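Per-entry structural report
What follows is the residue order along each chain.
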Amino acid sequence: MKTFGYQTFGGPEVFEEFTNAEPQITKDTQVIIETLAVGLNNFERSQRAGEFGGDKFPIIPGRDVVGKIIAVGKAVDNFAPGEVVIAHAGPAYATKVKTTAKRLVKKPDSVSVSKAVTIITPGITAYNAVSYFTQVQAGDTVIVNGATGGVGSIVVQVAKKLGAHVIGIGSSKNETLMKELGVDEVGLYDQENINEKFANQADIVINAALDGKNPSLISDVIKDGGSAASVGDATDLSNKPNVKFEHIRPIDAEHDQIALQKLAEMLEDGSLTVKVFKELPLTLTGVVEGHQLLEQRHAPGRVVLVK
Ligand SMILES: NC(=O)c1ccc[n+]([C@@H]2O[C@H](COP(=O)([O-])OP(=O)(O)OC[C@H]3O[C@@H](n4cnc5c(N)ncnc54)[C@H](OP(=O)(O)O)[C@@H]3O)[C@@H](O)[C@H]2O)c1
């Protein structure tokens, strides 16, 4: 099998192709899948650039994969070879991935592998932000910073489905996209002072902007007593002492599987729209080009690698 990784931190060109032994089932709960699509994430760009450190090379990144099951362990009775699954598993920059059954959900037949792979890390993050960290309820006013991104666009749609009033914050070039996603009101961070415009209006704030940009948004726009969750670090909330703040973080495989199942159903019934910006081949050239696109930051949709 092939894997794509690097032996030193740096730009997209540090990626190399490796040839590895074929994966084998060694535990009864394991599953081996042949990769059909890989989703690229900002985390992998930061990781490759050395922002998280580490010295165990080579690093083979990736946690988002859609693939066809080619082998299952004896204890796996809910998945079978030949089924196509959505997996939060890795290393995903590989032509085959070994994981366990609890990290999979079945891909709906009507959903393409490219679209299915976009709901994994961004979708789990978004779903958990809405349902676990802030517990959005019908009628809540929810402000979503980064509403145009992979995480934020799914936050918007899940919150809308729950019956919330959603205010989306993004750049002016993405205003139409936010309206298409179904936001009730729009804030354009490059054209207006959104902290003032929406001061003290939100029951819930979810900050899904790149690197948690504009951390003071939460303290400015949330009502005291509200709930906030952010991909960024904790923020000064001394002016709103009764706000509950959560840093959005991974929970566990059980929550991930619930999130993936729900999002796969939403993709299938058409209540969730995801945007694939670029499909590239699952080759070394595709991986390098994909990371060059991640470097540009403002891609209007997800970058995916397909077999
Ligand atoms: N903690 C976790 O478990 C977890 C998991 C997944 C992702 N993340 C993090 O979440 C963040 C978003 O990830 P993503 O995959 O959704 O990224 P993405 O698709 O690149 O989206 C980035 C979003 O940030 C917005 N943005 C950029 N600059 C901004 C600014 N100055 N003010 C307000 N918004 C701004 C963008 O808006 P425009 O394009 O309209 O400018 C876009 O909506 C990343 O930092 C990522 O590392 C964390």
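Residues numbered from 1 in each chain as written. Predicted model: local features only at pLDDT ≥ 70, side-chain atom pairs only at ≥ 80, totals over all residues. Heavy atoms only, no water.

**A few points about the nonpolar core**
- Ile-86, Ile-119, Leu-263 and Leu-272 are the most contacted members of the largest nonpolar core, which has 48 residues in total.
- Per-domain counts for this core show at least three residues from each of domain 1 (2–119 + 275–306) and domain 2 (126–247).
- Sequence-distant contacts of Ile-119, defined by excluding residues within four places in its chain, comprise Ile-86, Ile-124, Ile-154, Leu-260, Leu-263, Ala-264, Leu-267, Leu-272 and Val-274.
- Formed by 29 residues, the second largest nonpolar core is a distinct cluster that contains Val-31, Val-76, Val-85 and Val-287. (Core = buried A, V, L, I, M, F, W, Y, C linked by side-chain atoms within 4.5 Å. Buried < 20%, exposed > 50% of the residue type's maximum accessible area, 1.4 Å probe, protein only. Domains from an automatic or database assignment. Contact = heavy atoms within 4.5 Å.)

**Remarks on the side chain of Arg-48**
- Among the structural elements, Arg-48 can be located in helix 1 (residues 42–48).
- A polar contact is formed between the side chain of Arg-48 and the backbone oxygen of Gly-10, at a distance of 2.8 Å.
- Here Arg-48 is in contact with Tyr-6, Phe-9, Gly-10, Gly-11, Pro-12, Val-14, Phe-15, His-291 and Glu-295, once residues within four sequence places are set aside. (Helix = DSSP H or I, 4+ residues; strand = E, 2+ residues; numbered from the N terminus. Polar contact = N/O pair within 3.5 Å; in protein donor to acceptor, adjacent residues only side chain to side chain.)

**Structural notes on the site of the ligand**
- Inspection of the region around the ligand gives 23 residues, with Thr-148, Val-151, Ser-171, Tyr-189 and Asp-211 positioned closest.
- Measuring from an oxygen atom of the ligand, one finds a backbone N or O atom of Gly-150 at 2.8 Å.
- Between the ligand and Leu-210 there is a distance of 2.8 Å, counted from an oxygen atom to a backbone nitrogen or oxygen.
- Contact with the protein chains covers 85% of the free accessible surface of the ligand, which is 930 Å². (Near = heavy atom within 4 Å. Areas by Shrake-Rupley, 256 points an atom, 1.4 Å probe, with all protein chains shown as cover.)

**Thoughts on the environment of Ile-120**
- Inspection of the secondary structure puts Ile-120 in the loop between helix 2 (113–117) and helix 3 (121–133).
- Its relative accessible area of 0% is what places Ile-120 among the buried residues.
- A C-alpha to C-alpha distance of 8.8 Å links Ile-120 and Ala-259, two positions 139 residues apart in sequence.
- Sequence-distant contacts of Ile-120, that is, excluding residues within four places in its chain, are made with Arg-63, Asp-64, Val-65, Ile-86, Ala-87, His-88 and Leu-260.

**Some points on helix 4 (residues 150–161)**
- Between its terminal C-alpha atoms helix 4 stretches 17 Å, which fits the 16 Å expected from 12 residues at 1.5 Å a residue.
- The element helix 4 is extensively covered by neighbouring structure, given that 10 of its 12 residues are classed as buried.
- Gly-150, Val-151, Gly-152, Ser-153, Ile-154, Val-155, Val-156, Gln-157, Val-158 and Ala-159 are the residues of helix 4 that are buried.
- Positive backbone phi, approximately 95 degrees, marks Gly-163, located one or two places after helix 4. (Expected span 1.5 Å × (residues − 1).)

**Details of the sheet that holds strand 8 (residues 141–145)**
- The sheet built from 6 strands is open, its strands ordered 10-9-8-11-12-13 with parallel pairing. Each end of this open sheet is capped by a strand with a single partner; those strands are strand 10 (185–188) and strand 13 (244–247). When strand polarity is set aside, the average angle formed by the axes of neighbouring strands in this sheet is 15 degrees.
- For strand 9 (residues 165–170) and strand 10, the ladder comprises 4 bridges, and the chain directions are parallel. Bridge assignment links Gly-168 to a residue of strand 10, and that residue is Val-186. (Pairing = 2+ DSSP bridges. Axes fitted to C-alpha atoms, helices over the stretch in contact; angles between N-to-C directions.)

**Section: the domain arrangement of the chain**
- As far as domains go, the chain holds domain 1 (2–119 + 275–306) and domain 2 (126–247).
- Domain 1 and domain 2 are separated by 29 Å when their C-alpha centres are compared.
- Between domain 1 and domain 2, the residue contacts involve 8 residues of the former and 7 residues of the latter.
- Of the roughly 530 Å² buried between domain 1 and domain 2 on both sides combined, carbon and sulfur atoms contribute 57%.
- At the junction of domain 1 with domain 2, the criterion picks out 0 salt bridges.
- Inspection of the domain 1/domain 2 interface yields 0 residue pairs in polar contact (both at pLDDT 80 or more).
- For the side of domain 1 that touches domain 2, a count of residues per class yields 1 nonpolar, 3 polar and 4 charged. (Buried area = accessible area lost by both parts, 1.4 Å probe. Salt bridge = Lys/Arg side-chain N within 4 Å of Asp/Glu carboxyl O. Nonpolar A, V, L, I, M, F, W, Y, C, P; charged D, E, K, R; others polar.)

**Things to note about the pattern of salt bridges**
- This structure, assessed with the given rule, holds 12 salt bridges.
- The salt bridge partner of Glu-22 is Lys-96, with a shortest N-O separation of 2.5 Å. With Glu-22 in the loop between strand 2 (16–19) and strand 3 (30–39) and Lys-96 in strand 6 (residues 96–100), this residue pair connects regions lying 74 residues apart in the sequence.
- Taking the relative accessible area as the measure of exposure, Glu-22 reaches 39% and is therefore partly exposed.
- In this structure, Asp-184 and Lys-160 form a salt bridge, with 3.0 Å as the shortest nitrogen-oxygen distance. Taken as a pair, Asp-184 in the loop between helix 5 (175–181) and strand 10 and Lys-160 in helix 4 lie far apart in primary sequence, 24 residues in all.
- By relative accessible area, which is 27% here, Lys-160 ends up partly exposed.
- What emerges from the salt-bridge pattern is a single network uniting Lys-244, Glu-246 and Arg-249.

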